[in-house]
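Descriptive analysis of the structure
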Amino acid sequence: MIQFLIRRTFWALFLFVAATMVTYLIFFVIPADPAKLAAGKAQTPAIVNHIRMMLHLNLPIYQQYWLFIWNLVRHGSFGYSFVNGLPVRSLLADEIPVTASIVFGGVICYLAIAIPTGIISALRPRSIMDRMGMIFVLFGISAPSVWVGLMLLYLVGFRLGWTPINGYCSMSANHLPGGCGGLWQWAYHLILPWITLAVGSAALYTRLIRANVMETMSEDYVRTARAKGASFARVLFQHVLRNSMLQVVTILGMDLGLLLGGVVFIEIVFSLPGLGAQILTANNTLDLPVIVGITLFACVSVITFNFLVDVLYAWLDPRIRLG
Amino acid sequence: MPLLEVQDLQTRFKTDDGVVKAVSGVSFELDRGKTLGVVGESGSGKSVTFLTVMGLLDPRHAEMTGSVRFDGQEILGLSTARLRDIRGKRIGMIFQDPMTSLNPVKRIGWQLEEAVLIHNDVPRSEARRRALEVLEEVEIPKAGTRIDDYAHQFSGGMRQRVMIAMALINQPEVLIADEPTTALDVTTQAQILRLMKKLQDEYGMAIVMITHDLGVVAEVADDVIVMYGGRIVESSKVDDLFVKPEMPYTWGLLGSLPRVDVDVERLEQIPGQPPSLLRPPQGCAFNPRCAYTFDRCREELPELRPAEGKTDHFFRCHLDEGDRARIWAEKQAAMAASAESAA
């Protein structure tokens, strides 16, 4: 198991280096001239040259890359925004909690829906519950999250007035005049985004869990457990669930990593200042350091969650530890 | 009183294509400490018969009628809760494929302990002691260290030993073995059969040996039933079946049995496929594949009737005694001749 962990850790580090390299190449080497972009409207050759020196764009590419990595690893610096000069790191520090709040809350919501629905549908195929679940699944898969978000905003937020229609409140208390904060306000502002995120994914996960539980129920070792005289609950919890969660864990890990890179549609629809909204703005203004910062964060979160999935997987399935 | 008494058992599956008559009117008895061999091809209903006996079929899909009496108590249609007290405690069961019959994510020891803990109110340490004991009993080398291994760390034969250990851990009165040696290589098969024999002598349990291999039956069984198309087509003492089988299907099975003592040029095979249980043939289910079919076979299902002068040998066939005696004599002569020419 320890050997497995070491192997996986090295693999994750390698992936991280590879990701920085690719990101760097795509955003700093291929586009026309970052210095001109950074100069903005005041482009005189002198200013552009000055900026080129400051950004070390006059150095060979491998040195630029090395500096980029050095600043990142040694100082935790992603550089400064071309648009407003703020450090990218502080932008990320403001935006990551917003995106993470949406994602983790949404994931908890959809798992809370999908796990029971999936299991019940699998145990009672063709029952009313199963059929209603399938209708919900079909709806969830067909409805784009933008549409779901807008409909919820209009109906629940605007028409019924039950929830705020936009904005974000931080989890910690906020004593500024007009500011909002605290756990309750935080959840109150995020409930619609969570539901929006949950509708589509709950559908997918319900299907996935249903299929996996049904498959596991027909395994020979489940029949063995029943022949031993195990009760239904024991068969389900001890023999079926762990085996049928393997695939769910894999996909959940991948989803979490990807979502943390920014839930663009949801952040736009609900005017939430997260990574997704920021990367859209940065794209429009070609604010390269910000784009790189967010992309790298997304890469790191994908790598991290893949690593966690590998570890969890090895814990769930002993065959993998030795493989 | 027989330990297990099955009467007129019927199992049907409702499918989208129609009703599958998997088991039709099966009756037999099993006495304490005896071994019953159940022989037949895939799809003959032998496994389904015993899954029905164990109550392991889903009543939403399977319709089961008839009677299954275990130790004098009717257990067919018993509630799952009551049935659970019998399953794994008084009737143990092992399955064909030891590769897939053990849970891959739980340690062997855990799975054995579970079997103890389900039925006995004992601490886990006691269950573990019992698990270790039974692993030694089924001759697993270094049982003390292997108890914490996972199924994938065992070979096929060792896994089947673990399965046997798990079925026997509560010292059941009946062990139902569904093709326990089919997935194993020949030397391992022999070891497993010998082990089962040994354990039967020690524990005194009755065994139901479900197999498609008459060789296995000859080795271990006292009585044998031959199944075809969901019905019993012949039943007798095991010796009698090999001396004078009465039914063309059994002749075919015996002809297709490889023997070490006689060298045969080529094994006989039964032509055709097992019957569809969805749309079984009219009359005798074996008639499309039988070399001796005549008009009556296609119209009328033969009754299970006693063989000439015997009370413990039954068969289903319309051929009269004279014909059957003649054909069997010819078959034996042909087998002997083929053996000679090969020698």
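Residues numbered from 1 in each chain as written. Chains lettered and ligands numbered in written order. Predicted model: local features only at pLDDT ≥ 70, side-chain atom pairs only at ≥ 80, totals over all residues.

**What about the overall build of chain B?**
Short version of the rule: Secondary structure follows DSSP: runs of H or I at least 4 residues long count as helices, runs of E at least 2 residues long count as strands, and numbering of each begins at the N terminus. In this setup the radius of gyration rests on C-alpha atoms only. A globule is expected at 2.2 Å times the number of residues raised to 0.38. Here, residues touch in the contact sense if the C-beta positions derived from the backbone fall within 7 Å of one another.
Helix and strand counts for chain B stand at twelve helices and twelve strands. Against the compact-globule benchmark of 20 Å for 343 residues, chain B has a radius of gyration of 21 Å, which places it among compact chains. In chain B, 65% of the contacts between residues at least 6 apart in sequence involve partners at least 24 apart.

**Notes on the packing of helix 6 (residues 156-168) of chain B against helix 7 (residues 186-203) of chain B**
All names here are of chain B. For the record, the criterion: Interaxial angle, 0 to 180 degrees, is taken between N-to-C directions of lines fitted to C-alpha atoms, where a helix line uses only the stretch in contact. Roughly parallel means an angle under 35 degrees; roughly antiparallel, over 145; roughly perpendicular, 65 to 115; everything else is oblique. Each crossing is labelled by how the near helix is turned from the far one, with a counterclockwise turn of less than a right angle marking it left-handed and a clockwise turn marking it right-handed. Three classes are used, and their members are as follows: Ala, Val, Leu, Ile, Met, Phe, Trp, Tyr, Cys and Pro are nonpolar, Asp, Glu, Lys and Arg are charged, and the others, Gly among them, are polar.
One way to put it is that helix 6 packs onto helix 7 with a least axis distance of 10 Å and a crossing angle of 20 degrees. What the angle tells us is that helix 6 and helix 7 run roughly parallel. Where helix 6 crosses over helix 7, the two elements pack in a sense that is right-handed. Residues Gly-156, Gly-157, Gln-160, Arg-161, Ile-164 and Leu-168 of helix 6 lie in contact with helix 7, whose contacting residues are Thr-188, Gln-191, Ile-192, Leu-195, Met-196, Leu-199 and Tyr-203. Tallied by class, residues from the contact of helix 6 with helix 7 come to seven nonpolar, five polar and one charged.

**Some words on the nonpolar core**
Convention followed: Nonpolar core, as used here: buried Ala, Val, Leu, Ile, Met, Phe, Trp, Tyr and Cys residues forming one set through C-beta atoms within 7 Å. Note on burial: count the other C-beta atoms lying within 10 Å of the residue's C-beta; 20 or more is buried, 12 or fewer is exposed, in between is partly exposed, and C-beta positions come from the backbone.
Judged by nonpolar contacts, the single largest core of 94 residues is most densely connected at B:Ala165, B:Val174 and B:Val208. Ranked by residues supplied to this core, first place goes to helix 6 of chain B with eight residues. Beyond its immediate sequence surroundings of up to four residues, B:Val174 is in contact with B:Leu3, B:Leu4, B:Leu30, B:Ile91, B:Met205, B:Ala206 and B:Val208. Core analysis: the next-biggest nonpolar cluster, separate from the first, contains 57 residues, A:Tyr80, A:Trp194, A:Tyr205 and A:Phe305 among them.

**Quick look at the interface of chain B and chain A**
Put simply, an interface is often sized by how much accessible area is lost when its parts join up. The interface of chain B with chain A comprises 23 residues on the first partner and 18 residues on the second. Looking at the side of chain B that touches chain A element by element, the count peaks at four residues for helix 3 (residues 108-119) of chain B. For the side of chain B that touches chain A, the per-class residue count stands at eleven nonpolar, six polar and six charged.

**Quick notes on the packing of helix 7 (residues 145-159) of chain A against helix 8 (residues 183-217) of chain A**
Residues and elements named next belong to chain A. It is the contact of helix 7 with helix 8, at a shortest axis distance of 9 Å, that shows an interaxial angle of 140 degrees. What the angle tells us is that helix 7 and helix 8 run oblique. Like other packed secondary-structure pairs, helix 7 and helix 8 cross with a definite hand, here right-handed. Of the residues in helix 8, those touching helix 7 at Ser-145, Val-148, Gly-149, Leu-152, Leu-153, Val-156 and Gly-157 are Leu-192, Ile-195, Thr-196, Leu-197, Val-199 and Gly-200. Considered class by class, the residues forming the contact of helix 7 with helix 8 number eight nonpolar, five polar and no charged.

**What about the sheet that holds strand 5 (residues 73-74) of chain B?**
Residue and element names in this part refer to chain B. Keep this limit in mind: A pair of strands is labelled paired if DSSP reports no fewer than 2 bridges between them.
Taken together, the four strands give an open sheet; going across it, the order is 2-1-4-5, and neighbouring strands pair in antiparallel fashion. Edge positions in the sheet fall to strand 2 (18-30) and strand 5, since each has one partner strand and no second. Note that strand 1 (residues 4-15) and strand 4 (residues 62-70) share eight bridges and pair antiparallel. Bridge assignment links Phe-13 to a residue of strand 4, and that residue is Ala-62.

**Some remarks on the domain arrangement of chain B**
Residue and element names in this part refer to chain B. This is how it is decided: An automatic or database domain assignment supplies the start and end points of every domain.
Its domain assignment divides chain B into domain 1 (4-226) and domain 2 (243-342). One C-alpha centre belongs to domain 1, the other to domain 2, and the line joining them spans 30 Å. At the interface, 13 residues of domain 1 touch nine residues of domain 2. Listing elements by their share of the side of domain 1 that touches domain 2, those giving two or more residues are strand 2 and helix 8 (214-220). Broken down by element, the residue count for the side of domain 1 that touches domain 2 peaks at four residues, all from strand 2. Grouping the amino acids of the side of domain 1 that touches domain 2 by side-chain chemistry returns five nonpolar, five polar and three charged.

**So, helix 10 (residues 248-255) of chain B**
Judged by how many residues are buried, helix 10 of chain B sits mostly within the fold: six of eight residues are covered. Those residues of helix 10 of chain B that sit buried are B:Pro248, B:Tyr249, B:Thr250, B:Trp251, B:Gly252 and B:Leu253.

**Structural notes on the environment of A:Phe16**
Within the secondary structure layout, A:Phe16 lies in helix 1 (residues 2-29). If we ignore the near neighbours within four places in the chain, the residues touching A:Phe16 are A:Val300 and A:Ile303.

**Points about the pairing of strand 7 (residues 174-178) of chain B**
All names here are of chain B. Selection rule: Handedness rule for crossovers: strands pointing away from the viewer, path from the first strand over the helix to the second running clockwise, crossover right-handed.
Of all five residues that make up strand 7, five are buried, and the element is covered over most of its length. Side chains Val-174, Ile-176 and Asp-178 of strand 7 all project onto a buried face; the interleaved residues Leu-175 and Ala-177 project onto the opposite face, where all are buried too. Here four bridges tie strand 6 (residues 91-94) to strand 7, and the two strands are oriented parallel to one another. Opposite Ile-91, over in strand 7, you have Val-174 as the bridge partner. Bridge analysis of strand 7 against strand 8 (residues 206-211) gives five bridges, and the strand direction is parallel. From the neighbouring strand, Ala-177 faces strand 8, where its bridge partner is Met-209. For the crossover that starts at strand 7, traverses helix 7 and ends in the parallel strand 8, the hand is right-handed.

**Let's talk about unusual backbone geometry**
Phi at A:Ser271 is positive, roughly 45 degrees, even though this residue is not glycine. Following the sequence through the fold, A:Ser271 ends up in the loop between helix 12 (264-269) and helix 13 (275-285). We classify A:Ser271 as exposed; it has 12 C-beta atoms within 10 Å. Look at B:Glu139: it is not a glycine, yet its phi comes out positive at around 60 degrees. Within the element layout of this structure, B:Glu139 appears in the loop between helix 4 (124-137) and helix 5 (143-146). Take B:Glu139: there are 14 C-beta atoms within 10 Å of it, and that puts it in the partly exposed class.

**Here we look at the domain arrangement of chain A**
Residue and element names in this part refer to chain A. Partitioning chain A into structural domains gives domain 1 (2-75) and domain 2 (89-322). In this structure, domain 1 and domain 2 have C-alpha centres spaced 32 Å apart. Sort the elements by how many residues they give to the side of domain 1 that touches domain 2 and helix 1 lands first, with eleven residues. Here the residues of the side of domain 1 that touches domain 2 are counted per class, giving ten nonpolar, two polar and one charged.

**Focus: the environment of B:Leu57**
All names here are of chain B. Inspection of the secondary structure assignment puts Leu-57 in the loop between helix 1 (46-54) and strand 4. Taking the number of C-beta atoms within 10 Å as the measure of exposure, Leu-57 has 17 and is therefore partly exposed. For the pair Leu-57 and Val-116, spaced 59 residues apart in sequence, the C-alpha to C-alpha distance is 23 Å. Not counting the four nearest positions on each side in its chain, Leu-57 is found in contact with Thr-11, Leu-51, Thr-52, Ala-62 and Met-64.

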